[in-house]
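Each chain, letter by letter, is given below.
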Amino acid sequence: MKLKVIAFDADDTLFINEPYFEEAEKKFCVLMQDYLTHQGLSQALFTTQINNLPLYGYGIKGYILSMIEAAIAISNSTISVDFIKKITEIGKDLIEKPIELLDGVEATLKALQGHYKLVVATKGDLKDQQRKLHLSGLGIYFHHIEVMADKEAINYEKLIKRLEVAPSEFMMIGNSLKSDVLPVLEIGGHAIHIPFHTTWAHEKIDHTINHKNFNSFGTITEVVPFLLKE
């Protein structure tokens, strides 16, 4: 490999994210428990989220709007203003969650800094992601931070073009096979999967990946000897 740029996903790669959304979903289901089963409420909320992605994109603000929309639909437009207020409170609590770095993240960035150009390539709400990265204290390690509307091949192609490197000189590290691995391999880049213990259903795939540019490690610290072995 002749790598120049190493890109890191943010949520559930650098710091915890999905467990907070799962906690918010549980609160939503408790709030709406008189209307449907927990499973039915979760499915209704998930379907609303996916349908709204083209409009709202990824992130907490879109999630709050989807919770409100789902609640209105589930209740046949009978929920009160107080219910909507409680839903927005769930969303605000989600925004205010502490930033908890995953084990080994900062040590990994310190080890790789100076050997490669390090960047963040993540998706979600721009303001929220900038806030989280600022509070994380990790900004000093990154040459560039990219908050992407989506993580498809075309989005990575645009990022690589801005970074002025070839696809073969770019590596993505993240917890999502769907978003962090497959599209990067598609354009000729390299990818490393670092699994997180929980994954949003939208990010799951139903097949294994066998590719010469793909590797998977159990922890983020394992990428250091792999990338610096030369």
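Because the structure is a prediction, the values reported are computed rather than measured.

Student: Residue-level account of the pattern of salt bridges, with values.
Tutor: One pass over the structure, following the stated rule, counts 14 salt bridges. Salt-bridge contacts for glutamate 169 lead to lysine 4; the nearest nitrogen and oxygen are separated by 3.4 Å. Of this pair, glutamate 169 sits in the loop between helix H7 (153-163) and strand E4 (170-174) while lysine 4 is found in the segment before strand E1 (5-8), placing the two residues 165 residues apart along the sequence. According to the relative accessible area criterion, lysine 4 is partly exposed, its value standing at 47%. In this structure, aspartate 11 and lysine 132 form a salt bridge, with 2.8 Å as the shortest nitrogen-oxygen distance. Taken together, the residues span a long stretch of sequence, with aspartate 11 in the loop between E1 and helix H1 (18-31) and lysine 132 in helix H6 (residues 126-136) at a distance of 121 residues. Residue lysine 132 is classed as buried on the basis of its relative accessible area, which comes to 6%. In this structure, a network of salt bridges that share partners links the residues Asp11, Asp128, Arg131 and Lys132.

Student: Describe the side chain of asparagine 17, with residues and values.
Tutor: Within the secondary structure, asparagine 17 sits in the loop between E1 and H1. For asparagine 17, a relative accessible area of 12% corresponds to the buried category. The residues contacting asparagine 17, other than those within four sequence positions of it, are Asp11, Asp12 and Lys132.

Student: Outline the pairing of E4, supporting the account with residue identities and numerical values.
Tutor: Most of E4 sits out of view: five of its five residues are buried. Judged by which residues are buried, E4 turns out to be covered on both faces: Phe170, Met172 and Gly174 on one side and Met171 and Ile173 on the other are all buried. Summarising the sheet, E1 and E4 pair through four bridges and their orientation is parallel. Within the sheet, the bridge partner assigned to valine 5 lies in E4 and is phenylalanine 170. Where E4 and strand E5 (residues 190-193) come together, four bridges link them in parallel fashion. Bridged to isoleucine 173 within E5 is isoleucine 192.

Student: Tell me about the packing of aromatic side chains, and name the residues and values.
Tutor: Taken as a whole and assessed by the stated rule, the structure comprises four aromatic pairs. Summarising the aromatic geometry, the rings of phenylalanine 21 and tyrosine 63 are spaced 5.0 Å apart at their centres and angled 75° between planes, so their arrangement reads as edge-to-face. Taken together, the residues span a long stretch of sequence, with phenylalanine 21 in helix H1 and tyrosine 63 in helix H3 (residues 60-74) at a distance of 42 residues. Among the residues examined, phenylalanine 21 registers a relative accessible area of 15% and is labelled buried.

Student: Quick one: what's the story with a nonpolar patch on the surface, residue by residue and with numbers?
Tutor: A surface patch of nonpolar side chains, about 310 Å² in accessible area, is lined by Leu55, Tyr56 and Leu65. Within the secondary structure, leucine 65 is located in helix H3.

Student: Any chance you could break down unusual backbone geometry for me, citing the residues and the numbers?
Tutor: Within the chain, asparagine 76 stands out as a residue other than glycine whose phi angle is a positive 55°. Mapping asparagine 76 onto the fold places it in the loop between H3 and helix H4 (81-95). Note on asparagine 76: relative accessible area 65%, which makes it exposed. Phi is positive for serine 77, close to 65°, though the residue is something other than glycine. Within the secondary structure, serine 77 is located in the loop between H3 and H4.

Student: Describe the packing of H1 against H3, listing the residues and the values that go with them.
Tutor: Where H1 contacts H3, the two axes come as close as 12 Å, and the packing angle between them is 20°. Our classification of the angle between H1 and H3 gives roughly parallel. Handedness of the crossing formed by H1 with H3: right-handed. Contacts from Phe21, Ala24, Glu25 and Phe28 of H1 reach H3 at Ile60, Tyr63, Met67, Ala70, Ala71 and Ile74. Tallied by class, the residues present in the contact of H1 with H3 amount to nine nonpolar, no polar and one charged.

Basis of the calculations
Residues numbered from 1 in each chain as written. Predicted model: local features only at pLDDT ≥ 70, side-chain atom pairs only at ≥ 80, totals over all residues. Heavy atoms only, no water. Salt bridge = Lys/Arg side-chain N within 4 Å of Asp/Glu carboxyl O. Helix = DSSP H or I, 4+ residues; strand = E, 2+ residues; numbered from the N terminus. Buried < 20%, exposed > 50% of the residue type's maximum accessible area, 1.4 Å probe, protein only. Contact = heavy atoms within 4.5 Å. Pairing = 2+ DSSP bridges. Phe/Tyr/Trp six-rings, centres within 6.5 Å; stacked < 30°, edge-to-face > 60°. Patch = residues over 30% accessible without salt bridge, like charges linked within 9 Å, V, L, I, M, F, W, Y side chains within 5 Å. Areas by Shrake-Rupley, 256 points an atom, 1.4 Å probe, with all protein chains shown as cover. Axes fitted to C-alpha atoms, helices over the stretch in contact; angles between N-to-C directions. Parallel < 35°, antiparallel > 145°, perpendicular 65-115°, else oblique. Left-handed = near helix turned anticlockwise from the far one by under 90°. Nonpolar A, V, L, I, M, F, W, Y, C, P; charged D, E, K, R; others polar.

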